[in-house]
Amino acid sequence: MSGRSMLARGFADPVHDAQGVFRAVMDALARPGTIQALATDLAPPAPLTSELAALALALADADAPLWLDAGLARNPAVAGFLRFHTGARIGEDPAEAAFALISDPAACPDFGAFAQGTPAYPDRSATLVLAVSDLSDREGWRLDGPGIRDSARLAASPLPADIASRLARNHAGFPEGIDLIFAAPGRLAALPRSTRIAGA
Amino acid sequence: MTTANPETGYNFGYLDEGTKRMIRRAILKAIAIPGYQVPFAAREMPMPYGWGTGGVQVTAAILGKHDVLKVIDQGSDDTTNAVSIRAFFARTADVAVTTRTRDATVIQTRHRIPEAPLRDGQVLVYQVPIPEPLRFLEPRETETRQLHALAEYGLMHVKLYEDIARHGHIATTYAYPVEVAGRYVMDPSPTPKFDNPKMDDCPALQLFGAGREKRIYAVPPHTRVKSLDFEDHPFRVQTFDRPCALCGAEGVYLDEVLLDDAGGRMFVCSDTDHCEERRAEGHLGTGGMETAHA
């Protein structure tokens, strides 16, 4: 299909679909380790998953630039779809992105490549959205910290082999750092920088 | 992009979608950095500053069509501020509204936390006049930002110590500073310090919106919220020497209500929903009207 002839549609109901996606992300970040349902009927160009697309459409715009990983950047239709529906700038430099969309999480660049915020403005930092295939709250890391009663568990795959040490470093830099959203088919979970992680 | 409400001509929840996205991004960072004040581009709202423009913007950004909204002002569902904001969202977002704490999914509040325990899944939205706990100690934003960056909160401890030196006890009774998750010192908004313990390990998500000062901050559920104090002067809440005159409740926050020009007064629950619910269950106070004896 030539990327030009057909542009996949955006949200059927822009107001309420965006609100639903946002609330799922908000609940996931507020309760790290919980898995939130994320229903979406978007059919974006591959390899952009409908969940990544839904998050981008709900949260990115001209004030919140996107960054695409190598897999997403290879298909120009992906950038075309995102530009049309969000109006967001899609930059080459990961450090300038508010949201990084990552279709191949095992090859996720080092977290240090993304904006970490500053000591005075730790909010000026990136949110990474990773398209994982599996997500479970019954195994994996043991989490504790804000948003978690006693403890929680979370497993996501595929992820880089050194993900545990990356997450530990990210938490150690609190309040600076990045926040992670794991978007699997139909659901999502999140790990804000505030979450402590034991045992990968 | 936006679908206008046919009756009012406004987008769902009054704000346009671009503004909602901006506020939503600020909320997400606020949740990831508990207690840190995220700057946001607060809009002019169809109400004056001081009437809850920050809380209204946060509520408008999170509200969905299935939410049930409760709005309280000093614990009361039926004062002007609460009634107007509830009507505003019933009209612009067509959401269900309630006065019952347990039925609400989103509770916007000015200066109180409901007496009934909050539960998982609820969101408490605070209206905040001055979000910076250090503002009256250090007027320069550039300086307070540095103090937060360095977690340098000595000034606040000096302020509380001066209370003790002057009054023999910590005399701060509302907007009592708290430390969130062991890092940021935060202003809980002008709630009475009576409510501070309810913020600790609260199952609900707490969001704070300051419209004039353009700041949003958050306390995620089950987060440690510690009221600042000293080992030899531990934090204590207000106590009342009598129960609510209407429902007989003890251990709740009471308002003093003047009844006449002769000094007659009664003390009643500040949380009107809690009081009504108790009375519906058959609890009765003494009706206790007191008259002044000159």
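Reading the values: the criteria
- Residue positions are given per chain, counted from 1 along the sequence in the order it is written.
- Lettering for chains starts from A, numbering for ligands starts from 1, and both go in the order in which the items are written.
- This being a predicted model, a pLDDT of at least 70 is required before a residue's local features are given, and a value of 80 or more before pairs of side-chain atoms are given or counted; all residues contribute to the totals for chains, interfaces and linings.
- Note that the side-chain values use all heavy atoms of the structure and ignore hydrogens as well as water.
- Within this scheme, the nonpolar core is defined by two criteria: the residues are buried Ala, Val, Leu, Ile, Met, Phe, Trp, Tyr or Cys, and they are joined through side-chain atoms within 4.5 Å.
- Only protein chains enter the accessibility calculation, which uses a 1.4 Å probe; a residue whose area is less than 20% of its type maximum is buried, one above 50% is exposed, and one in between is partly exposed.
- Helix and strand definitions follow DSSP, with helices as H or I runs of at least four residues and strands as E runs of at least two, each counted in order from the N terminus.
- The contact criterion used is simple: two residues touch if any of their non-hydrogen atoms lie within 4.5 Å.
- What a helix is expected to span follows from its residue count: subtract one and scale by 1.5 Å.
- To be clear, the arc concerns the directions from the helix axis to the C-beta atoms.
- Defined in terms of a 1.4 Å probe, buried area is the accessible area two parts forfeit on being brought together, summed over both.
- By definition here, a salt bridge exists when the distance from a side-chain nitrogen of Lys or Arg to a carboxyl oxygen of Asp or Glu is within 4 Å.
- Two N or O atoms count as a polar contact when they lie within 3.5 Å, although within protein this holds only if one can serve as hydrogen donor and the other as acceptor, and sequence-adjacent residues are included solely when both atoms are side-chain atoms.
- Strands were regarded as paired on the criterion that DSSP finds at least two bridges between them.
- Between N-to-C directions, angles cover 0 to 180 degrees, with each direction set by a line fitted to C-alpha atoms, over the stretch in contact for helices.
- Angle categories: roughly parallel below 35 degrees, roughly antiparallel above 145, roughly perpendicular from 65 to 115, and oblique for all the rest.
- Asp, Glu, Lys and Arg are counted as charged, while Ala, Val, Leu, Ile, Met, Phe, Trp, Tyr, Cys and Pro are counted as nonpolar; the rest, among them Gly, fall into the polar class.

**Q** Give me the nonpolar core: which residues, what numbers.
**A** Membership of the largest hydrophobic core comes to 92 residues, with the highest contact counts inside it found for Met 26, Leu 55, Leu 82 and Leu 101 of chain A together with Ile 27, Phe 89 and Leu 207 of chain B. Broken down by element, the residue count for this core peaks at ten residues, all from helix α1 (residues 14-30) of chain A. When neighbours within four sequence positions are excluded, Leu 101 of chain A is seen to be in contact with Leu 48, Leu 52, Ala 56, Leu 66, Trp 67, Leu 68, Asp 69, Leu 72, Leu 82 and Val 129 of chain A. Judged by nonpolar contacts, the second largest core, of 27 residues, contains Cys 108, Leu 154, Ala 156 and Leu 191 of chain A.

**Q** Quick one: what's the story with helix α5 (residues 154-167) of chain B, residue by residue and with numbers?
**A** All names here are of chain B. Relative to the 20 Å expected for 14 residues at 1.5 Å per residue, α5 spans 20 Å between its end C-alpha atoms, a close match to the ideal helical length. Of all the residues in α5, the buried ones are Met 156, Leu 160, Asp 163 and Ile 164. Buried residues of α5, seen end-on, are gathered within an arc of 95° and therefore sit on one face of the element. Exposed and oriented more than 90 degrees from the buried face of α5 are Ala 165 and Arg 166. In the segment just after α5, Gly 168 is the residue with positive phi, at about 85°.

**Q** A description of the interface of chain B and chain A should follow, citing residues and the corresponding values.
**A** On the chain A side, the residues contacting the 45 residues of chain B number 40 residues. Each partner contributes to the roughly 3,300 Å² buried at the junction of chain B and chain A, and carbon and sulfur atoms together form 64% of this total. Ranking the residues of chain B by area buried against chain A places Arg 25, Leu 28 and Lys 29 of chain B at the top, with a combined share of 20%. Connecting chain B to chain A are five salt bridges. A salt bridge links Asp 120 of chain B to Arg 31 of chain A, with the shortest nitrogen-to-oxygen separation between them at 2.9 Å. The tally of links from chain B across to chain A stands at 17 residue pairs in polar contact (both at pLDDT 80 or more).

**Q** Account for the sheet that holds strand β6 (residues 134-144) of chain A, naming residues and giving values.
**A** Residue and element names in this part refer to chain A. Spatial ordering of the open sheet is given by β7-β6-β10, a layout of three strands whose pairing is antiparallel. Since the sheet does not close on itself, it has two edges, and those belong to β7 (152-157) and β10 (196-198), each with one partner. Between one strand and the next, the sheet's axes are offset by a mean angle of 60°, whatever the strand orientation.

**Q** With reference to specific residues and values, describe the pattern of salt bridges.
**A** All names here are of chain B. Tallied over the full model, the rule gives 32 salt bridges over all chains. When the shortest N-O distance is used, the salt bridge between Arg 112 and Asp 195 registers 2.6 Å. Within this pair, whereas Arg 112 is found in the loop between β4 (106-110) and β5 (123-127), its partner Asp 195 is found in the loop between β7 (184-186) and α6 (196-199), the two being separated by 83 residues in sequence. Each member of the pair Arg 112 and Asp 195 is classed as buried. For the salt bridge of Arg 140 with Glu 138, the shortest nitrogen-to-oxygen distance reads 2.9 Å. On the accessibility criterion, Arg 140 (48% relative accessible area) is partly exposed. A residue is classified by how much of its surface remains accessible, and Glu 138, at 12% relative accessible area, is buried. Residues joined in a network through salt bridges with shared partners are Arg 100, Arg 102, Asp 103 and Glu 277.

**Q** An account of the packing of helix α1 (residues 17-32) of chain B against helix α2 (residues 53-62) of chain B is needed here, citing residue identities and associated values.
**A** Residue and element names in this part refer to chain B. Between α1 and α2, the least distance of the axes is 9 Å, while the angle of their chain directions is 100°. One element, α1, and the other, α2, form an angle in the roughly perpendicular class. Residues Lys 20, Ile 23, Arg 24 and Ile 27 of α1 pack against Gln 57, Val 58, Ala 60, Ala 61 and Ile 62 of α2. Tallied by class, residues from the contact of α1 with α2 come to six nonpolar, one polar and two charged.

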